[in-house]
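Fold and contact review
Read off the chains here:
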Amino acid sequence: MNADFRRSLTATADEVRSRAHPADPNAAIMRGIGRYRRRIWIAYIAAAAVAAVLAGSLFLTRQVLSDAELTAINVQPSPAVLRPKAQLQFAAEGAYSNGDRGVRIDSVDWQSDNPAVARIDGSGRVSALQPGTATITASQKGIKGTVKLTVTKANLRSITVNPSPITLKPGEHRSLTATGKYDDGATATLVSPPVKWETSNKDVARVDAKGQLSGVSQGTATITAIFEGVKRKVKLSVTEAGPTPETPEPQPTLASIRIDGPRQLTEGEHQPIAAVGIFSDKTERRLESPPVQWSSSDPNIARIDGDQIVAVSQGNISLKATWGGSSGTLDVAVGPSSPGCTPSSLDPSKYNGRTFEVVKAELEANGWRVEAHEQSAAEAPGVVLAVSANCTSDGEAVATVVYSTGPTGPQVPDVIGKSVADAEVIISGQGLVPLRGEDQFSGAPQGTVVDQNPKAGTAAPPQSTVTYYVSAGPGTTTPT
């Protein structure tokens, strides 16, 4: 018997011996052992009760989630840019009918529409193979989420850190994100890791490998994002007072939703469809899915698949697009398919992103009659957004081509040659958001704007970002 344990039992026995068994020490020791056994059983029963309560709570949580229906899937990171032979882990997050959002989904089917450019395994890990673009899709029970992946040999030109500059209190936390701009003009959210984060003063603020920032004590520090040899530094202040709240600019609100799509289809036909938001400032822009939620009064007649409406069988249905408290509807009739016309012979994906005139000529050369439709979008004017095929009642093959007329909204002003203060005032005055990019060595006077993106005269959606680049004076351009 353990010596400490025996001494404890003996002490208990001395107490008991004087009362219950004054002449029997062994019996007193056995009575002490009995007391310890009862204490052990009481502790065991209490632990079992706590475990039962936790198990019941977990069961109820799972039951509530299982009763909710999955309404949308969001794939992160979005968008993504990789170099050939690089890998990236995608994650699928679900939105449910009970209002839960951002719930990690593990059991989804992953697909790449262009395996020659990028392959993806069952866990969502993608491998980049050669330059090009691919659409990565995560699906579960008919619900799909997509993300655009670009594989490029372009070099990273600069990094932008958001938010910048940073002000927070001791104990306050903030998530940092890094956006990369490549020399071919592409921009993408950079994933942490492999983006490396550093702080110049751990006594003031700390940052982990995922870009999670924590204020420690009052003072200032520099936070640095590093990726592929390119650095971006931002200033950080930790104060007891915390950040001074800014009065936000009034944002236009969604007034109504219009559904742009066909009212008549034939069985087996696919057509592009879009939800267009009409805002309080009279601007219009296409609403993405998610957060737009689509529903069909009868999916057995017609259903929504990504940005397409798919006619399944004959009948009449009503489509509904909902975002926030607003919704729009469209009545659609599906008729019988026409013999001699095969819409499935047209592959819409090969035309998206090309210019309308080139696509029109190619389709007409292949025997398709082209119907053109314009739509306001962020893409440049003339860029094809969607192509679909259908058949007329007399069996004629018709290809519907939707192309961009450019974004609606204010014109991007020309700020090249302006000072930083003037540039920000001019850009903000157009209802746009100024963002200072990486300073550039230039023969222009130091402190003046030498480049901007988008270019002057481009139509941009309200509150979109205009990045301007400031001269650092003459020198040799190296990543810093």
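Model, not experiment: these values are computed from the prediction.

1. Considering the pairing of strand β18 (residues 212-215)
- Of the two faces of β18, the one holding L213 and G215 is buried and the one holding Q212 and S214 is not buried anywhere.
- Bridge analysis of strand β13 (residues 173-175) against β18 gives 3 bridges, and the strand direction is antiparallel. Bridge pairing links R174 to L213 in β18.
- The pairing of strand β17 (residues 205-207) with β18 spans 3 bridges and is antiparallel. Bridge pairing in β18 places R206 opposite S214.
- Hairpin remark: β17 followed by β18, antiparallel, with 4 residues in the connecting loop; positive phi at G211, about 80°.

2. As for the packing of aromatic side chains
- As enumerated under the stated definition, the model contains 1 aromatic pair in all.
- If you follow R157 out to its NZ or CZ, it ends over the ring of Y469, 5.0 Å from the centre.

3. Thoughts on the sheet that holds strand β1 (residues 70-76)
- Strand order in the open sheet formed by 3 strands is β1-β4-β5, and the pairing between neighbours is antiparallel. Because the sheet does not close on itself, it has two edges, and the strands there are β1 and β5 (103-105). Shown here is a sheet whose adjacent strand axes are inclined to one another by a mean of 40°, direction ignored.
- Pairing of strand β4 (residues 91-96) with β5, which is carried by 3 bridges, proceeds in the antiparallel orientation. Looking at the pairing, E93 lines up with R104 of β5.

4. Overview of the environment of N114
- Relative to the helices and strands, N114 resides in the loop between β6 (109-112) and β7 (118-120).
- A relative accessible area of 26% places N114 in the partly exposed class.
- Along the backbone, N114 and G132 are 18 residues apart, and their C-alpha atoms lie at a distance of 8.8 Å.
- N114 has contacts with T133 and A134, leaving out every residue within four places of it along the chain.
- Separated by 3.2 Å, the side chain of N114 and the backbone oxygen of T133 make a polar contact.

5. Overview of the sheet that holds strand β23 (residues 270-272)
- Read across the open sheet, the 3 strands follow the order β23-β28-β27; overall the sheet is antiparallel. Edge positions in the sheet fall to β23 and β27 (302-305), since each has one partner strand and no second. Between one strand axis and the next, the sheet turns by 25° as a mean value, whatever way the strands run.
- Two strands pair when backbone bridges link them, and β27 and strand β28 (residues 308-311) are joined in this way by 4 bridges, in the antiparallel orientation. For A302, the partnering residue across the bridge sits in β28 and is A311.

6. Digging into the nonpolar core
- Residues I159, W197, L213 and L236 are the most contacted members of the largest nonpolar core, which totals 26 residues.
- Broken down by secondary-structure element, the contributors of at least two residues to this core are β11 (156-162), β12 (166-168), β14 (177-182), β15 (187-190), β17, β19 (219-227) and β20 (230-238).
- The contact partners of I159, leaving out residues within four places of it in the chain, are A178, T179, L190, A225, F227, V230, R232 and E438.
- In this structure, Y96, W110, A128 and I136 belong to the second largest nonpolar core, which totals 24 residues.

7. Quick notes on the side chain of T137
- The residue T137 is located in strand β9 (residues 132-140) in this model.
- Setting aside anything within four residues of it in sequence, one finds T137 in contact with D109, W110, Q111, K144, G145 and T146.

8. With respect to the side chain of T152
- As for its position among the elements, T152 is in the loop between β10 (143-151) and β11.
- Beyond its immediate sequence surroundings of up to four residues, T152 is in contact with V81, L82, R83, P84 and D184.

9. Examining the pattern of salt bridges
- The full count for this structure, using the stated rule, is 13 salt bridges.
- Taking the shortest distance from any N to any O, the salt bridge between D305 and K144 comes out at 3.3 Å. Residue D305 is located in strand β27, and its partner K144 is located in strand β10; the two are separated by 161 residues in the primary sequence.
- Residue classification places K144 among the partly exposed positions, given a relative accessible area of 44%.
- In this structure, the salt-bridge partner of E198 is K196, at a minimum N-O distance of 3.4 Å.
- You can call E198 partly exposed: its relative accessible area is 33%.
- A residue is classified by how much of its surface remains accessible, and K196, at 47% relative accessible area, is partly exposed.
- Taken together, the salt bridges that share partners define one network made up of R157, D451 and K455.

Analysis parameters
- Residues numbered from 1 in each chain as written.
- Predicted model: local features only at pLDDT ≥ 70, side-chain atom pairs only at ≥ 80, totals over all residues.
- Heavy atoms only, no water.
- Buried < 20%, exposed > 50% of the residue type's maximum accessible area, 1.4 Å probe, protein only.
- Helix = DSSP H or I, 4+ residues; strand = E, 2+ residues; numbered from the N terminus.
- Pairing = 2+ DSSP bridges.
- Phe/Tyr/Trp six-rings, centres within 6.5 Å; stacked < 30°, edge-to-face > 60°.
- Lys NZ or Arg CZ within 6 Å of the ring centre and 35° of its normal.
- Axes fitted to C-alpha atoms, helices over the stretch in contact; angles between N-to-C directions.
- Contact = heavy atoms within 4.5 Å.
- Polar contact = N/O pair within 3.5 Å; in protein donor to acceptor, adjacent residues only side chain to side chain.
- Core = buried A, V, L, I, M, F, W, Y, C linked by side-chain atoms within 4.5 Å.
- Salt bridge = Lys/Arg side-chain N within 4 Å of Asp/Glu carboxyl O.

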